[in-house]
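These are the residues of each chain, in order.
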Amino acid sequence: MNQIRSSFFQGILLCTLLLIACRSTQQSNRLEAREVSAIFPKGTKVSNEHFTGNVWLTYLAPSDSFYNVIIGSVRFEPGARTHWHYHPGGQILLITEGEGWYQEKGKPVEIIKKGDVIKCTRDIEHWHGASKDQSMTHIAIGTNSNLGGAMWLHPVTDKEYFSGDF
């Protein structure tokens, strides 16, 4: 009887260990899936005066004289944003992750999220970045780069940024 009881408890112990191992593997796989869900690498932390907060950039296609575009993947942590700026050749933003805010001078702040496409008309002052609570990643396409890169202006004030506090 003791041998049957011992075998029974060993069987329960084995099943418990297998369940724990399977659960641990599932959690690890979910974590790996989240880490790999980003289309492009996080990139290099931007350390210049044209952004507020933590921002990372990966250049995907540098400007050249044949295609006349510059393409980069930009990740903004919550609260991070560009300064006011404009593009002599225009810009297109493809939102790939998260939620953010976009504003053109004189217009209300707009919510932008994964799947949105924003066309920034040439020479129109604007800013974009993450919302206060979520990170946001976009592909920035500087079109007609032969006309010049971004023209950086002043920082977006907290009052301007939070004016669209949704």
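Fair warning: this is a prediction, and the values are worked out from it, not measured in the lab. (Residues numbered from 1 in each chain as written. Predicted model: local features only at pLDDT ≥ 70, side-chain atom pairs only at ≥ 80, totals over all residues. Heavy atoms only, no water.)

(A) Structural detail: the nonpolar core. Core analysis: the largest hydrophobic core is formed by 15 residues, its most contacted members being Val55, Phe76, Leu93, Tyr102, Ile112, Ile118 and Met136. Elements with a minimum of two residues in this core: strand E4 (69-76), strand E7 (91-104), strand E9 (117-120) and strand E11 (136-143). Among the elements that take part in this core, E7 stands out by supplying 3 residues, more than any other. Excluding its chain neighbours within four sequence positions, the residues that come into contact with Ile118 are Gln91, Ile92, Leu93, Tyr102 and Ile112. (Core = buried A, V, L, I, M, F, W, Y, C linked by side-chain atoms within 4.5 Å. Buried < 20%, exposed > 50% of the residue type's maximum accessible area, 1.4 Å probe, protein only. Helix = DSSP H or I, 4+ residues; strand = E, 2+ residues; numbered from the N terminus. Contact = heavy atoms within 4.5 Å.)

(B) Spotlight on the packing of aromatic side chains. Applying the stated rule across the entire model yields 6 aromatic pairs. Geometrically, the ring pair formed by Phe66 and Tyr67 is edge-to-face, given 4.7 Å between the ring centres and 90° between the ring planes. Each of the two residues, Phe66 as well as Tyr67, counts as exposed. The ring of Tyr161 has Arg81 lying over it, and the distance from NZ or CZ to the ring centre is 4.2 Å. Just above the ring of Trp84 sits the side chain of Lys105; from NZ or CZ to the centre is 4.3 Å. (Phe/Tyr/Trp six-rings, centres within 6.5 Å; stacked < 30°, edge-to-face > 60°. Lys NZ or Arg CZ within 6 Å of the ring centre and 35° of its normal.)

(C) Structural view of the pattern of salt bridges. Counted according to the given criterion, the structure contains 3 salt bridges. Notably, a salt bridge pairs Arg81 with Asp158, separated by 2.8 Å at the nearest N-O pair. In this pair, Arg81 is assigned in strand E5 (residues 81-82) and Asp158 in helix H2 (residues 158-161), connecting sequence segments 77 residues apart. We classify Arg81 as buried; its relative accessible area is 4%. (Salt bridge = Lys/Arg side-chain N within 4 Å of Asp/Glu carboxyl O.)

(D) Focus on a nonpolar patch on the surface. A surface patch of nonpolar side chains, amounting to about 260 Å² of accessible area, comprises Ile39, Phe40 and Leu60. Classification of Leu60 by relative accessible area gives partly exposed; the value is 32%. (Patch = residues over 30% accessible without salt bridge, like charges linked within 9 Å, V, L, I, M, F, W, Y side chains within 5 Å. Areas by Shrake-Rupley, 256 points an atom, 1.4 Å probe, with all protein chains shown as cover.)

(E) Region of interest: the pairing of strand E10 (residues 126-130). For E10, a buried count of 5 out of 5 residues is recorded, marking the element as mostly surrounded by other parts of the structure. Pairing of E7 with E10 involves 5 bridges; the strand directions are antiparallel. If you follow Tyr102 over to E10, its bridge partner there is His128. (Pairing = 2+ DSSP bridges.)

(F) Looking closely at the side chain of Arg81. Polar contacts involving the side chain of Arg81 include one to the main-chain carbonyl oxygen of Gly79, which spans 2.9 Å. At 2.8 Å, the side chain of Arg81 forms a polar contact with the side chain of Asp158. (Polar contact = N/O pair within 3.5 Å; in protein donor to acceptor, adjacent residues only side chain to side chain.)

(G) Structural context of the environment of Pro62. Within the secondary structure, Pro62 is located in the loop between strand E3 (55-61) and E4. According to the relative accessible area criterion, Pro62 is exposed, its value standing at 57%. Between the C-alpha atom of Pro62 and that of Gly142, which follows or precedes it by 80 residues, the distance is 9.8 Å. The contact partners of Pro62, leaving out residues within four places of it in the chain, are Val69 and Ile70.

(H) View of the confidence of the model for the protein. In this model, the protein carries a mean pLDDT of 83, and residues with pLDDT of at least 70 account for 77%. Between residues 8-36, whose pLDDT stays under 50, and residues either more than four places distant or in other chains, the model counts 0 contacts. (pLDDT = per-residue confidence, 0-100.)

(I) Layout of the environment of Asp133. In this fold, Asp133 is placed in the loop between E10 and E11. Given a relative accessible area of 60%, Asp133 falls into the exposed group.

(J) Local environment of the side chain of Gln91. For Gln91, the position within the fold is in strand E7. Assessed through its relative accessible area of 7%, Gln91 is described here as buried. One polar contact links Gln91 to His126, side chain to side chain, over a distance of 3.2 Å. Separated by 3.4 Å, the side chains of Gln91 and His128 make a polar contact. Dropping the residues within four chain positions of it, Gln91 is found in contact with His85, Ile118, Lys119, Cys120, His126, His128, Ala140, Ile141 and Thr143.

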